[in-house]
Amino acid sequence: MARLIDGTMIAQKVRAEVAQGVLKLSEVKPGLATVLVGDDPASQAYVSSKQKACAQVGITSFGRHLSATASQAEVEAAVRELGQDPAVHGILVQLPLPAHLNEEAVLSCVPLEKDVDGFHPINLGRLAMKGREPLFVPCTPAGCIRLLQETGVQLAGAEAVVVGRSNIVGMPAALLLVRQDATVTIVHSRTRSMAEAIRRADVLVVAIGKPRFVTREMVKPGAVVIDVGINRISDPSSPRGSRLVGDVDFEGVSQVAEAITPVPGGVGPMTIAMLLQNTLTAARHAVTLAPSSTTSVVDK
Ligand code: NDP
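Residues numbered from 1 in each chain as written. Predicted model: local features only at pLDDT ≥ 70, side-chain atom pairs only at ≥ 80, totals over all residues. Heavy atoms only, no water.

Student: Outline the overall build of the protein chain, listing residues and values.
Tutor: Per the secondary structure count, the protein chain includes ten helices and eleven strands. Here the C-alpha radius of gyration of the protein chain, 20 Å, is about what a compact globule of 300 residues would show, namely 19 Å. If one aligns the C-alpha atoms of the protein chain with their principal axes, the spans along those axes are about 55 × 45 × 35 Å. Taken over 300 residues, the protein chain has a buried fraction of 51%. Restricting the contact set of the protein chain to residue pairs at least 6 apart, pairs at least 24 apart contribute 69%. Entry remark: accessible area of the protein chain is about 14,200 Å², with carbon and sulfur atoms responsible for 54%. Within the protein chain, one finds 29 positive and 28 negative side-chain charges whose respective centroids are separated by 3 Å. (Helix = DSSP H or I, 4+ residues; strand = E, 2+ residues; numbered from the N terminus. Rg over C-alpha atoms; globule rule 2.2 N^0.38 Å. Buried < 20%, exposed > 50% of the residue type's maximum accessible area, 1.4 Å probe, protein only. Contact = heavy atoms within 4.5 Å. Areas by Shrake-Rupley, 256 points an atom, 1.4 Å probe, with all protein chains shown as cover. Lys, Arg positive; Asp, Glu negative; His and termini not counted. Charge placed at Lys NZ, Arg CZ, Asp CG, Glu CD.)

Here you go:
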C-alpha cells in the first residue's frame, strides 16, 4: 500500500516557514492584491480563502472586485494601479476572467516583480532556459515539486512523466522537473500509446481534469504519483450528493505506487501555500531593490 503524501501537513509547514519569514522581514509588511472580475462563486471562494491564508501568516490583503461587465480598460487600469502601489508586492488576477476580456493583455499589466502567480511570459521563459532564474514559479507546479522533495524521491535521473501540458500546471511542472535533472516526457490528448508512456514513470504528475483517468494497470509499481486533478463527481452516498476526486484512480493506484497524493488534501493546499511563499519573495525583492515608502494608495 502506498505512502500517503500529506499535502495538508506539508502546506502547513510551508505556511509556518512563510510566517517566520514575514516576522524576520522587519522593513516591510508583505502585501498581496487579488483582482476579481464578476461574481463566479468558485472564484469568490478562492479569493476569500487566499485572503484568509494571508492573514494567518501576516501578509496584508488588498482586494479589487470589479463587476462582470467591467471593460478591458477598467480591468487593466485596476491591475496597473496595483502595480504602482508600493504596499502591494504581489498581484493575483483570479482566472478565468469573463469571456469578453483579453486574459493575456490583462496579465501583461502585472509587473514582472509582482507576478506571484508566475504566469508572466518572462518568468515562464526564464523557467525554460538553462542558467536563467525566474523571479517566480507558478504555484501549483511549485507545490508539486515541494511534495516530491518532501517524499525524499530522487529526481535527478528519474523517468518523470507529466500528463497534461497547460500553461499553468503541466508545462511548468515539466520544466521544473527538467531543472531537477529528471528525464521528462509530456503526455497530452494527442499522445499515441499513452499507457506505455505513463508506465515508464518513476515519478508521475497528472493534470488533465479527467476523473480517475489514470488506473492501476497504467502505473509502474513503486512509482511516486502526484495527482493535481480536482473533479467533482456525483455520489449519492455523500450528503452533498457529490464528492471530489483526482485524475488518478486513488484506490487502485495506491495498491501499486510507492507514494501518492490524495484528493482532496494533496496538491490543493500546496497551491495557496506557494502563493504565500511567492508573496514573501516579492516583498524581499522589493526591500532589496527599493527600500522606500510602503504607503498604500488603494483601499484595503
Ligand atoms: P487544462 O484543461 O488547461 O489542461 C488539460 C491538459 O490535459 C491539456 O494539456 C490536455 O491536452 C490534457 N488532456 C486532456 N484530456 C486528456 C486525455 N484524455 N489524455 C491526455 N491528456 C489530456 O487543465 P489544467 O492544467 O488547468 O488543470 C488540470 C487539472 O488540474 C484540473 O482538474 C484542474 O481542476 C486541476 N487543477 C488543480 C489545481 C490545484 O491547486 N490542485 C490548480 C490548477 C488546476 P491538450 O493540450 O492536448 O488539449
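Student: Quick one: what's the story with helix α2 (residues 41-57), residue by residue and with numbers?
Tutor: Over its 17 residues, α2 runs 25 Å from end to end, which matches the ideal 24 Å to within 8%, given 1.5 Å per residue. Along α2, the residues that are buried comprise S43, V47, K50, A53, C54 and V57. Seen from one end, α2 has its buried residues packed into an arc of 125°, which puts them on one side. Summarising the geometry of α2, the exposed residues directed more than 90 degrees from the buried face are P41, K52, A55 and Q56. Where α2 is buried, its residues touch α1 (7-24), β2 (31-37), β3 (60-66), β4 (90-93) and α10 (267-289). (Expected span 1.5 Å × (residues − 1). Arc of directions from axis to C-beta.)

Student: Report on the site of the ligand, specifying residues and quantitative values.
Tutor: For the ligand, the set of nearby residues contains 21 residues, the closest of which are R165, S166, S189, I230 and T271. In the complex, the protein chains occlude 71% of the 930 Å² of accessible area that the ligand would expose alone. Take the shell around the ligand: its biggest share by element is three residues, from α10. The residue inventory of the shell around the ligand, partitioned by class, reads nine nonpolar, ten polar and two charged. (Near = heavy atom within 4 Å. Nonpolar A, V, L, I, M, F, W, Y, C, P; charged D, E, K, R; others polar.)

Student: Can you tell me about the sheet that holds β4, naming the residues and giving the values?
Tutor: In sheet architecture, strand pairing relies on hydrogen bonds along the backbone and comes in two forms, parallel and antiparallel. Overall, parallel pairing links the three strands, which are arranged β3-β2-β4 in an open sheet. The sheet is open, and its two edges are formed by β3 and β4, each paired on a single side. For this sheet, the mean angle separating the axes of adjacent strands, direction not counted, is 15°. Pairing geometry for β2 and β4, over four bridges, is parallel. The residue bridging V35 from the neighbouring strand is V93, located in β4. (Pairing = 2+ DSSP bridges. Axes fitted to C-alpha atoms, helices over the stretch in contact; angles between N-to-C directions.)

Student: Account for the side chain of T140, naming residues and giving values.
Tutor: By the secondary structure assignment, T140 is in helix α6 (residues 139-151). When residues no more than four places from it in sequence are discounted, the contact partners of T140 are V169, V228, V267 and T271.

Student: Can you explain the pattern of salt bridges? Please cite residues and give values.
Tutor: Scanning the model with the defined rule gives nine salt bridges in all. The residue K13 makes a salt bridge to E150 at a minimum N-O spacing of 3.0 Å. Of the two residues, K13 sits in helix α1 while E150 sits in helix α6, which places them 137 residues apart along the sequence. Take K13: its relative accessible area is 38%, and that puts it in the partly exposed class. Residue classification places E150 among the partly exposed positions, given a relative accessible area of 30%. We note a salt bridge from K220 to D202, for which the minimum N-O separation is 2.7 Å. Of the two residues, K220 is situated in the loop between β7 (203-206) and β8 (224-227) and D202 in the loop between α8 (194-199) and β7; the sequence distance between them amounts to 18 residues. Via salt bridges that share partners, K13, E17, R146 and E150 belong to a single interconnected network. (Salt bridge = Lys/Arg side-chain N within 4 Å of Asp/Glu carboxyl O.)

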